[in-house]
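Analysis of the macromolecular model
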Amino acid sequence: MTNTQLFNTISKRKSIRKYTQTPLTDEVLTKVKEYANNARPLDASIGYAFSYISEEHVKNLLPIKAPHYICLFSEEKEGYLMNAGYLLQQIDLYLSANHLGSCWLGMAKLSKDIPTMKNGMKFVIMLAFGNTEERVHRTDASEFRRKSIDAISSISSAEELLEPVRLAPSASNSQPWFFSGDMNEITVSREKLNFIKAPLYGKMNQIDIGIALCHLMLSLEHQGKTGIVDFNKNTAPNGYEFMVKVKVKNA
Ligand SMILES: Cc1cc2nc3c(=O)[nH]c(=O)nc-3n(C[C@H](O)[C@H](O)[C@H](O)COP(=O)(O)O)c2cc1C
């Protein structure tokens, strides 16, 4: 699977919530695991691990019954939620590119028989995946319900670069991201939450930023550029919190 194939999947992917319960073949599952093991982290200093579980080990108020779930465990270092989003979004795109369904499950927990800690790493979030009888892909971009580019960016002439980022999935489709600066140095920020929303979405929307960064890096690569992330705290527009700066280089 090339990054070009992942990039081309961005404009088609969607969450799948109905699955065929037959497990994937060992061959397909091995390929998913191989891909996951080779996913690129956003911050290589943060330790993480994947594990694969079946439905009886998932606790979810609104269950999404799938034959497989991939769980991410991570060290709780600064930026680990963004890193989690960045890693698992590569897998979400990989699954969709291979005509498999997937869905982020922010609400799902591990059942009591599965420890939430693994080698000093904490369970962060999971994705459901498997075969589906539904259409795996959108056939038309108008099927995306997303904010406009103007609502998520103040960078001039960034429409082409940011269109694939605009289409990124987010928890409750909240799209908490904002892009400012210029085409050489992009500041990525997230919406500040009020005290009602903060307990509910404070963690989730950091994962969302990691997802958007995954799409941003693929979009930069598509334009023959690379992005170098700088986590040093910086200023953000009013109403937003600084997350990361992406320095853009010609590849
Ligand atoms: C971090 C995160 C958590 C999510 N949690 C859930 C969830 O618990 N249940 C669910 O049905 N969908 C969940 N979603 C899926 C979103 O609702 C979905 O991505 C969004 O509405 C956009 O739709 P799309 O993925 O079809 O483009 C989650 C998405 C993200 C990114």
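Okay, so let's go over this structure. (Residues numbered from 1 in each chain as written. Predicted model: local features only at pLDDT ≥ 70, side-chain atom pairs only at ≥ 80, totals over all residues. Heavy atoms only, no water.)

Glancing now at the overall build of the chain. When its secondary structure is counted, the chain shows seven helices and eleven strands. A compact globule built from 251 residues should have a C-alpha radius of gyration of about 18 Å, and the chain, at 17 Å, falls within 12% of that. With respect to the principal axes defined by its C-alpha atoms, the chain has extents near 50 × 35 × 35 Å. The buried share among the 251 residues of the chain stands at 51%. For the chain, restricting intrachain contacts to residue pairs at least 6 apart in sequence, the fraction spanning at least 24 positions comes to 74%. Surface summary for the chain: the accessible area is close to 12,300 Å², and the carbon and sulfur share equals 51%. Charge centroids of the chain, computed over 30 positive and 26 negative side chains, lie 4 Å from each other. (Helix = DSSP H or I, 4+ residues; strand = E, 2+ residues; numbered from the N terminus. Rg over C-alpha atoms; globule rule 2.2 N^0.38 Å. Buried < 20%, exposed > 50% of the residue type's maximum accessible area, 1.4 Å probe, protein only. Contact = heavy atoms within 4.5 Å. Areas by Shrake-Rupley, 256 points an atom, 1.4 Å probe, with all protein chains shown as cover. Lys, Arg positive; Asp, Glu negative; His and termini not counted. Charge placed at Lys NZ, Arg CZ, Asp CG, Glu CD.)

Take the pattern of salt bridges next. Scanning the entire structure with this criterion turns up twelve salt bridges. Taking the shortest distance from any N to any O, the salt bridge between Asp-92 and Arg-13 comes out at 2.8 Å. Taken together, the positions of Asp-92 in helix α3 (residues 80-97) and Arg-13 in the loop between α1 (3-10) and α2 (26-37) put the pair 79 residues apart, joining distant regions of the chain. Look at Arg-13 and you get buried, because its relative accessible area is 2%. A salt bridge links Lys-31 to Glu-27; the nearest nitrogen and oxygen atoms lie 3.9 Å apart. Here the residue Lys-31 and the residue Glu-27 both occupy positions in helix α2, the gap between them amounting to four residues, near one helical turn. The class of Lys-31 is partly exposed, set by a relative accessible area of 45%. (Salt bridge = Lys/Arg side-chain N within 4 Å of Asp/Glu carboxyl O.)

The strand order across the open sheet built from four strands is β8-β9-β11-β10, with neighbouring strands paired in antiparallel fashion. Of all the strands in the sheet, just β8 (177-181) and β10 (225-230) have a single pairing partner and so form its edges. Averaged over all adjacent pairs, the angle separating strand axes in this sheet is 30°, with direction ignored. Strand direction decides the pairing type here: strand β9 (residues 185-191) and strand β11 (residues 240-250), joined by seven bridges, are antiparallel. Note that in β11 the partner of Thr-187 across the bridge is Lys-245. Each of β8, β9, β10 and β11 touches helix α7 (residues 204-222); the most contacted strand, β9, lies at about 155° to it. (Pairing = 2+ DSSP bridges. Axes fitted to C-alpha atoms, helices over the stretch in contact; angles between N-to-C directions.)

Our focus in this paragraph is α7. The terminal C-alpha atoms of α7 lie 27 Å apart, and with 19 residues this matches the ideal 27 Å at 1.5 Å per residue to within 8%. Within α7, 16 of the 19 residues are buried, which leaves it mostly tucked inside the rest of the structure. (Expected span 1.5 Å × (residues − 1).)

Within the secondary structure layout, Ile-46 lies in the loop between α2 and β1 (48-53). On the basis of relative accessibility, which here comes to 2%, the residue Ile-46 falls in the buried class. When residues no more than four places from it in sequence are discounted, the contact partners of Ile-46 are Ser-74, Glu-75, Lys-77, Glu-78, Gly-79, Tyr-80 and Asn-83.

So, about helix α5 (residues 159-166). Buried residues of α5: Leu-161, Leu-162, Pro-164, Val-165 and Arg-166, and no others. Each element contacted by the buried residues of α5 is listed here: α1, α4 (149-152), β8, β9 and α7.

Taken by themselves, the reported measurements are silent on function.
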